Amino acid sequence: MCAVKLFADDASGKAHAVTARLEAMAQLVESDKLPEAFAPRMANGSRMLAESVFKAAAGEPLLSAGAACAFDPDAFLACVLQHADLEVEDRTE
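These lines cover the structure that appears in this document, whether it is placed above or below. Here the structure is a predicted model, which is why all the values come from computation and not from measurement.

About the cut-offs
Residues numbered from 1 in each chain as written. Predicted model: local features only at pLDDT ≥ 70, side-chain atom pairs only at ≥ 80, totals over all residues. Heavy atoms only, no water. Core = buried A, V, L, I, M, F, W, Y, C linked by side-chain atoms within 4.5 Å. Buried < 20%, exposed > 50% of the residue type's maximum accessible area, 1.4 Å probe, protein only. Helix = DSSP H or I, 4+ residues; strand = E, 2+ residues; numbered from the N terminus. Contact = heavy atoms within 4.5 Å. Salt bridge = Lys/Arg side-chain N within 4 Å of Asp/Glu carboxyl O.

Before going further, it helps to examine the nonpolar core. M25, L34, V53, F71, F76 and V80 are the most contacted members of the largest nonpolar core, which totals 15 residues. If you list the elements that add at least two residues to this core, you get α2 (14-30), α3 (51-59) and α4 (73-92). Excluding its chain neighbours within four sequence positions, the residues that come into contact with M25 are L49, V53, F54, A57, F71 and F76.

Given below as structure tokens:
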């Protein structure tokens, strides 16, 4: 619903695209297929996601998974690792 309000004047489907990516990212995080370093579980059960996870969710292609969308776990992890390397390089310069 937040995405619909954010993109209220947009008929191109951005709200749906954003929601689909966030739901696919959440599904992947909950599957525990990402290393703990990129999605550590907090004491209250929530997750703290690394910036590279969001960058991967923004750029990786979505796959059809029945009625929902999903990311390829291996490709997603490779993208997360690539973005994490870039973040480390940026900090050392």
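Next comes the rest of the description.
To continue, consider the pattern of salt bridges. Enumeration according to the criterion identifies 3 salt bridges in this entry. Residue D32 pairs with R47 through a salt bridge whose shortest N-O separation is 2.5 Å. Residue D32 is located in the loop between α2 and α3, and its partner R47 is located in the loop between α2 and α3; the two are separated by 15 residues in the primary sequence. One salt bridge connects E51 with K55, and the closest N-O pair in it is separated by 3.4 Å. Taken as a pair, E51 and K55 lie in helix α3 at a separation of 4 residues, close to a single helical turn. For K55, a relative accessible area of 33% gives the class partly exposed. Because the salt bridges share partners, they merge into one network encompassing D32, R41 and R47.

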